[in-house]
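The residues making up each chain are set out below.
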Amino acid sequence: MTKSQLIEALAKAEGITLKAAETAVNVAFNSMEQALIRGDRLEIRGFGSFKVKDYDGYKGRNPKTGELIEVKSKKLPFFKVGKELKERVNGAEVKSTK
Amino acid sequence: MATLTKARIVEKLFAKNMFTKSDCARIVDTLFDLVKKSLESGEDVLISGFGKFCVREKHQRRGRNPQTGEPMVLGSRKVVTFKCSGILRDAVNEEAG
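Each value, and the rule that gives it
- Note that residues are indexed from 1 along each chain, following the sequence as it is written.
- Naming scheme: in the order in which they are written, chains are lettered from A and ligands are numbered from 1.
- Note on the predicted model: pLDDT of at least 70 is required for a residue's local features to be given, and 80 or more for side-chain atom pairs to be given and counted; whole-chain, interface and lining totals, by contrast, use all residues.
- The basis for every side-chain value is the complete set of non-hydrogen atoms in the structure, without hydrogens or water.
- Secondary structure elements follow DSSP: runs of H or I no shorter than four residues count as helices, runs of E no shorter than two count as strands, and numbering proceeds from the N terminus.
- With C-alpha atoms as the basis for the radius of gyration, the globule rule is written as 2.2 Å multiplied by the number of residues raised to the power 0.38.
- For the exposure calls, accessible area comes from a 1.4 Å probe over protein chains only, and a residue counts as buried if that area is under 20% of its type's maximum, exposed if over 50%, partly exposed in between.
- The contact criterion used is simple: two residues touch if any of their non-hydrogen atoms lie within 4.5 Å.
- Here the positive residues are Lys and Arg and the negative ones are Asp and Glu; neither His nor the chain ends is included.
- Charge positions are represented by NZ for Lys, CZ for Arg, CG for Asp and CD for Glu.
- Here a pair means two rings of Phe, Tyr or Trp (six-membered ring of Trp) with centres within 6.5 Å. Their orientation is stacked below 30 degrees between planes, edge-to-face above 60, and tilted elsewhere.
- Geometrically, a charge over a ring is one whose NZ (Lys) or CZ (Arg) sits within 6 Å of the ring centre while staying within 35 degrees of the ring normal.
- A fitted line through C-alpha atoms represents every axis, and for helices the fit uses only the stretch in contact; the resulting angles, taken between N-to-C directions, go from 0 to 180 degrees.
- Here the angle decides the label: under 35 degrees means roughly parallel, over 145 means roughly antiparallel, 65 to 115 means roughly perpendicular, and every other value means oblique.
- Amino acids outside the nonpolar list (Ala, Val, Leu, Ile, Met, Phe, Trp, Tyr, Cys, Pro) and the charged list (Asp, Glu, Lys, Arg) are all regarded as polar, and Gly is one of them.
- Each pair of strands is called paired provided DSSP finds at least two bridges between the two strands.
- Accessible area that two parts lose when put together, with a 1.4 Å probe and added across both, is what the buried area reports.
- A carboxyl oxygen of Asp or Glu within 4 Å of a side-chain nitrogen of Lys or Arg is what we treat as a salt bridge.
- Any pair of nitrogen or oxygen atoms within 3.5 Å is treated as a polar contact; in protein, a donor-acceptor pairing is required on top of that, and neighbouring residues in sequence qualify only through side-chain atoms on both sides.

Structural notes on the overall build of chain A
Reasoning step 1: Check the secondary structure of chain A and you find three helices and five strands.
Reasoning step 2: Beginning at the N terminus, the succession of helices and strands in chain A can be written as α-α-β-β-β-β-β-α.
Reasoning step 3: In terms of overall dimensions, chain A is more spread out than a globule: its C-alpha atoms have a radius of gyration of 19 Å, far above the 13 Å expected for 98 residues.
Reasoning step 4: Taken along the three principal axes of its C-alpha coordinates, chain A extends 55 × 45 × 30 Å.
Reasoning step 5: Counting every position in chain A, which comprises 98 residues, the buried fraction comes to 38%.
Reasoning step 6: Nonlocal contacts in chain A, meaning residues at least 24 apart in sequence, comprise 28% of its contacts between residues at least 6 apart.
Reasoning step 7: Mean positive and mean negative side-chain charge positions of chain A (20 and 13 charges, respectively) differ by 5 Å.

Right, dumping it as structure tokens:
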């Protein structure tokens, strides 16, 4: 599913215009983006939470050439799946077989 | 550190003066529910400029309870992963200067 398909599905489910659904989807994801850019946490109950993680730089190698390269420190948004979504993608069968 | 919640997103949508407060709350709920439904059906969700939510199949594997060290079998299951879009990744790193 792409963003435009999500907009269509939202318009249909809520009986609102495509334009209105587009605004809703954009407001939601833009505010999520802005929060992460500011370095804030973000939490949507039942869906998941995001936070920006800091990764240290390290010396690595290009696996193809073996050449030594410097990997700079970076920040990346990290997504932790919420309990409800985690269970839903697994259907009813949330077993931990021993 | 501040936390963005669904309530805040609802407020922002309400500020657009397009829907009532209760409609805003319902629309935002439906929005995330549609994303969840797609992932539940095994279909990835791609939000350009934000990132991609993927459903990945995990095979059964042997693991250990890290607390007791007791060996156990972890069943095959599906997990949701998130791959940040390049645009968002660059924006997040730019802020750091």
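Things to note about the packing of aromatic side chains
Reasoning step 1: This structure, assessed with the given rule, holds 13 aromatic pairs over all chains.
Reasoning step 2: Centroid distance B:Phe53 to B:Phe82: 4.9 Å. Interplanar angle 40 degrees. Geometry classified as tilted. Taken together, the residues B:Phe53 in strand S3 (residues 51-58) and B:Phe82 in strand S6 (residues 77-84) connect sequence positions 29 residues apart.
Reasoning step 3: Its relative accessible area of 15% is what places B:Phe82 among the buried residues.
Reasoning step 4: The structure contains a cluster of three or more aromatic residues connected by ring pairs, namely A:Phe29, A:Phe47, A:Phe50, A:Phe79, B:Phe32, B:Phe50, B:Phe53 and B:Phe82.
Reasoning step 5: Residue placement shows A:Lys53 over the ring face of A:Phe78; its charged tip is 3.9 Å from the ring centre.

Some thoughts on the packing of helix H2 (residues 18-38) of chain A against helix H2 (residues 21-40) of chain B
Two quantities define a packed helix pair, namely the angle between the helix axes and the distance between the axes.
Reasoning step 1: It is the contact of H2(A) with H2(B), at a shortest axis distance of 10 Å, that shows an interaxial angle of 75 degrees. Our classification of the angle between H2(A) and H2(B) gives roughly perpendicular. Touching A:Ala24, A:Val25, A:Ala28, A:Phe29 and A:Met32 of H2(A) are B:Ile27, B:Leu31 and B:Phe32, all from H2(B).
Reasoning step 2: A class-by-class count of the residues in the contact of H2(A) with H2(B) yields eight nonpolar, no polar and no charged.

Re the pairing of strand S5 (residues 71-74) of chain B
Reasoning step 1: Of the strand pairs in this sheet, strand S4 (residues 61-64) of chain B and S5(B) are connected by four bridges, and their pairing is antiparallel. Bridge assignment links B:Arg61 to a residue of S5(B), and that residue is B:Leu74.

Looking at the interface of chain B and chain A
Reasoning step 1: Each partner contributes to the interface: chain B provides 49 residues, whereas chain A provides 46 residues.
Reasoning step 2: Buried surface at the junction of chain B and chain A, both sides included, amounts to about 4600 Å², of which 71% is carbon and sulfur.
Reasoning step 3: Interface area lost by chain B to chain A is led by B:Leu4, B:Lys36 and B:Phe50, which between them contribute 14%.
Reasoning step 4: On the surface where chain B and chain A come into contact, there are four salt bridges.
Reasoning step 5: Among the salt bridges present, the one from A:Arg88 reaches B:Asp33, with a minimum N-O distance of 3.1 Å.
Reasoning step 6: Inspection of the region where chain B meets chain A yields 14 residue pairs in polar contact (both at pLDDT 80 or more).
Reasoning step 7: For the side of chain B that touches chain A, the secondary-structure elements that each account for two or more residues are strand S1 (3-5), helix H1 (6-14), H2, strand S2 (45-47), S6 and helix H3 (86-94) of chain B.
Reasoning step 8: No other element matches the 13 residues that H2(B) contributes to the side of chain B that touches chain A.

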